[in-house]
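Each chain, letter by letter, is given below.
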Amino acid sequence: MAAIKAEAVPYRDAFRANPAEPAWLVDARAKSLAAFGERGFPSRRDEAWRFTSTRPLAENFFVPVRRDLAVTANEDTDFGKLGFEGPAYRLVFANGIVRALPSKLPPGLWLGSMSQAISERPEAAEFAISEIDLGGTQPFASLNAALFADGFVFDLDEGVALDRPIEIVHLGKSALPTSIYLRNSVRIGAGSEATVIETYVGQGAYWDNVVTNIAVAEGASLTHIKLQDESREAVHFASARISLGWSARYRNFGLTLGANLSRNDIQVLLGKGAHANIAGAYLQRGDQDTTNAVVIDHAEPDATTQELFKGVLDERSHGAFLGTIRVREGAQKTDAKQTSRALLLSDRASVNIKPELAIFADDVKCTHGAAVGDLDKDALFYLRARGIGVDEARRMLIEAFLLETIDTIESPEVREHLARQVRRWLAAEKA
Amino acid sequence: MLEIKNLHASVEGGREILNGVSLKVKAGEVHAIMGPNGSGKSTLAGILAGRDGYDIASGAVTYDGQDLLTMPPEERARAGIFLAFQYPVEIPGVNNMYFLRVALNAIRRAKSEPELDAGQFLKSVRAKLKLLEIEDDLLQRGVNVGFSGGEKKRNEIFQMAMLEPRLAILDETDSGLDIDALRIVANGINRLRAPDRAIVMITHYQRLLDYVVPDFVHVLSEGRIVRSGDRSLAGELEKTGYAGVGS
Ligand SMILES: Nc1ncnc2c1ncn2[C@@H]1O[C@H](COP(=O)(O)OP(=O)(O)OP(=O)(O)O)[C@@H](O)[C@H]1O
Ligand SMILES: [Mg+2]
């Protein structure tokens, strides 16, 4: 038996095989647990984790949540103004366990919980467990495979354009350090169109560990929005692995406001002629710390990628952006552009931006740009010289700075929903 | 209304730019300040509006008897001071209309006047746009974003017309305007003339002063007002240049 890392021991000990689960899953869980045990937590010596501290996780054992754990989260009071106001097919999770399902679904759509899918729709569950970890950098995804209790499964048939977004709401609530594991699967059939909005919110000290596998079939289009406004004591790690078929389109926008420590891993594998638009905005204050790590893999010709990330860091907060673009041999006519910018609003705030291009084809266009700065002094003076107070002027300029990222979203309702969240953050008291 | 007394100022950590400017502006008056490039005209305007980055070594500025130099820029604007920038700033992502409404309401609140609702605001905007012959669509863009040089200057005067200041300082608002635009802008300025208001125009050209006739003309050179006179001084300068002027 291989040696197990000390930090992995309590998680291994908390693991209970469930004999009611199908054999393939029992097996996958055991293997994943062993893989995590050997690997342990990533450290700053791992290139992909150089700028992300896992110290808050090492200091505490976050007890894995059990299905039978009492959950007192209340949708209305805890969720508040974070919900999407338009019509949506909504799924609600409390501490990682499904609590509410949409009542009526249109034909061609399967939307439900992972616990349900394991028996009713095993191929979707298997897809969610399949490893498409492009960088080999995700030990927490292995831990997730071993311990996940639930998640959402979204299957859309071929040729269906959904009339409203799928909204996935996660409420976390915990008095003691608790770990929550969600395993999600999204499969969009050829030529179909859909939007998924994920929202994370909560109270107390918990660790959300989310893994989502996504396949967008040929000619299909998926818009994937995420609003992360977790409790300020929470840890939020989410990993999305997306594969895009021929001419498929994928748009991802993440707004990071909450959590004490958070990380988004987004890995996209593009097929021929596919298009990925990956954007994000992160706003942090106090001693919050967030990382966006995006790996774009151009495996075939004629595909395009646009990446745009913007951060606003106040007080002692820290942000990081790691952007890898890989263009494999034969992926000719790849067109990829990456932009990452950050505003540092305080002397003690900091950011790390690390672009990485690995290009093995010769007929490609790849650019990246990064900039870190403060608010434009001339613009600030101009606004103040018109009677606008300094705080309001700063808020206006910060919102303007972020606008470009939100503008990558096509739906005006979703754009406004997110712009409202940004304004709410800006209006909030400092930590 | 405005009194500048022996003002000495330098760029933070740099050389002295204003060395002993004194100027008195009373309500109802229009003053023109002329002077060679680099003589300190924009520096003076910036200091009056509250731009930071200057060291005031000595001297004083009062506005309605109040010490102006300790007031933050927004308070000066709320007290009725308006600077039309020589180089209006482009602010992408901040919508022009929204910006103007926030500004106007901030100033109205300071004067204990009720804020304008969207309808009242729009009505006022429409009237003033017409006066300055500005296209509607300019207002839907980011503040000054993609405006031509002349459009930026017109937008400054449009903002002035909306905010109705008591003391307007216009820094080379006439530069870069075509002949028709100059007439339109001058008309906008003249409409603001009133017994309880004052205007200080910084300019290089006699032309503007033909439309907006000043009560006083001053020559600023090397950081000091070296000569003051009535409107005929501008005509004289046009002929002789700055070389022969001053002490
Ligand atoms: N931030 C600064 N740093 C260094 N020097 C400055 C700064 N601002 C102004 N100056 C200098 O101060 C002097 C006066 O500048 P100012 O802009 O006030 O001139 P001006 O009279 O408005 O000229 P113009 O007619 O060309 O607009 C110039 O020599 C300029 O280079
Ligand atoms: Mg000047």
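First things first, this report covers the structure right here in the doc.

All names here are of chain A. As a packed pair, helix α2 (residues 23–39) and helix α6 (residues 122–129) sit with axes 11 Å apart at the nearest point and diverge in direction by 10 degrees. One element, α2, and the other, α6, form an angle in the roughly parallel class. On the side of α2, the interface is formed by Trp24, Leu25 and Ala28, while α6 contributes Pro122, Ala125, Glu126 and Ile129. Residue composition of the contact of α2 with α6, by class: 6 nonpolar, no polar and 1 charged.

Contacts between the two partners involve 31 residues from chain B and, on the opposite side, 17 residues from chain A. Across the interface of chain B and chain A, roughly 1,900 Å² is buried in total on both sides, 67% from carbon and sulfur atoms. Viewed at the interface, chain A and chain B are joined by 3 salt bridges. Counting across the interface, chain B meets chain A through 10 residue pairs in polar contact (both at pLDDT 80 or more). For the side of chain B that touches chain A, the secondary structure elements donating two or more residues are α1 (41–49), α2 (73–78), β6 (81–84), β7 (91–95), α3 (96–110) and α5 (149–163) of chain B. Sorting elements by how many residues they give to the side of chain B that touches chain A places α3(B) first, with 6 residues. Partitioning the side of chain B that touches chain A into residue classes produces 22 nonpolar, 5 polar and 4 charged.

Residue and element names in this part refer to chain B. All of the protein donors around the magnesium ion (ligand 2) are Ser42 (OG) and Gln86 (OE1); their distances to the metal are 2.0 to 2.1 Å. Here Gln86 lies in the loop between β6 and β7 and Ser42 lies in helix α1, a separation of 44 residues in the sequence. Take Ser42: its relative accessible area is 29%, and that puts it in the partly exposed class. Taking the relative accessible area as the measure of exposure, Gln86 reaches 16% and is therefore buried.

Another point: the side chain of B:Arg76. Residues and elements named next belong to chain B. Looking at the secondary structure, you find Arg76 in helix α2. Of the side chains bearing the opposite charge, Asp67 lies closest to the buried Arg76, which forms no salt bridge; the N-O distance is 7.3 Å. In this structure, Arg76 is in contact with Ile47, Leu48, Ala49, Gly50, Leu68, Leu69, Thr70, Met71 and Ile81, ignoring residues within four places of it in sequence.

All right, on to the pattern of salt bridges then. Residues and elements named next belong to chain A. Inspection of every chain in the model, using the stated rule, returns 40 salt bridges over all chains. Residues Asp155 and Arg121 are paired through a salt bridge, measuring 2.6 Å at the closest nitrogen-oxygen approach. With Asp155 in strand β5 (residues 152–156) and Arg121 in the loop between α5 (114–120) and α6, this pair connects stretches of sequence that are 34 residues apart. The pair formed by Asp155 and Arg121 is uniform in burial state, with each residue classed as buried. As a salt-bridge pair, Lys365 and Asp335 come within 3.7 Å of each other at their nearest N and O atoms. Of the two residues, Lys365 sits in strand β18 (residues 365–373) while Asp335 sits in strand β16 (residues 335–344), which places them 30 residues apart along the sequence. On the accessibility criterion, Lys365 (55% relative accessible area) is exposed. Since its relative accessible area comes to 28%, Asp335 is described here as partly exposed.

Residues and elements named next belong to chain B. Close to ligand 1 lie 14 residues; Arg15, Gly38, Lys41, Ser42 and Thr43 are nearest. Interatomic distance of 2.9 Å between a side-chain N/O atom of His204 and an oxygen atom of ligand 1. In isolation ligand 1 exposes 630 Å². Once the protein is present, 61% of that is buried. If one sorts the elements of the shell around ligand 1 by residue count, α1 sits on top with 3 residues. Looking at the shell around ligand 1 residue by residue, the class counts come to 3 nonpolar, 8 polar and 3 charged.

Below, the discussion takes up the packing of aromatic side chains. Residues and elements named next belong to chain A. Counted by the stated rule, this structure contains 18 aromatic pairs over all chains. On the numbers, 6.4 Å between centres and 90 degrees between planes, the contact of Tyr11 with Phe36 is edge-to-face. Of the two residues, Tyr11 is situated in helix α1 (residues 9–14) and Phe36 in helix α2; the sequence distance between them amounts to 25 residues. The exposure class of Tyr11 is buried, given its relative accessible area of 1%. On the numbers, 6.4 Å between centres and 55 degrees between planes, the contact of Tyr11 with Phe41 is tilted. Linking Tyr11 in helix α1 with Phe41 in the loop between α2 and α3 (55–58), this pair joins segments that are 30 residues apart in sequence. Overall, Phe41 belongs to the buried group, its relative accessible area being 10%. When the ring centre of Phe148 is taken as origin, the NZ or CZ atom of Arg29, which lies over that ring, is 4.2 Å away. Residue placement shows Arg164 over the ring face of Tyr89; its charged tip is 5.0 Å from the ring centre.

Rules and cut-offs
- Residues numbered from 1 in each chain as written.
- Chains lettered and ligands numbered in written order.
- Predicted model: local features only at pLDDT ≥ 70, side-chain atom pairs only at ≥ 80, totals over all residues.
- Heavy atoms only, no water.
- Axes fitted to C-alpha atoms, helices over the stretch in contact; angles between N-to-C directions.
- Helix = DSSP H or I, 4+ residues; strand = E, 2+ residues; numbered from the N terminus.
- Parallel < 35°, antiparallel > 145°, perpendicular 65-115°, else oblique.
- Contact = heavy atoms within 4.5 Å.
- Nonpolar A, V, L, I, M, F, W, Y, C, P; charged D, E, K, R; others polar.
- Buried area = accessible area lost by both parts, 1.4 Å probe.
- Salt bridge = Lys/Arg side-chain N within 4 Å of Asp/Glu carboxyl O.
- Polar contact = N/O pair within 3.5 Å; in protein donor to acceptor, adjacent residues only side chain to side chain.
- Donors = N, O, S within 2.8 Å, 3.2 Å for Na, K, Ca; no water.
- Buried < 20%, exposed > 50% of the residue type's maximum accessible area, 1.4 Å probe, protein only.
- Lys, Arg positive; Asp, Glu negative; His and termini not counted.
- Near = heavy atom within 4 Å.
- Areas by Shrake-Rupley, 256 points an atom, 1.4 Å probe, with all protein chains shown as cover.
- Phe/Tyr/Trp six-rings, centres within 6.5 Å; stacked < 30°, edge-to-face > 60°.
- Lys NZ or Arg CZ within 6 Å of the ring centre and 35° of its normal.

By themselves, these figures tell us nothing about what the structure is for.
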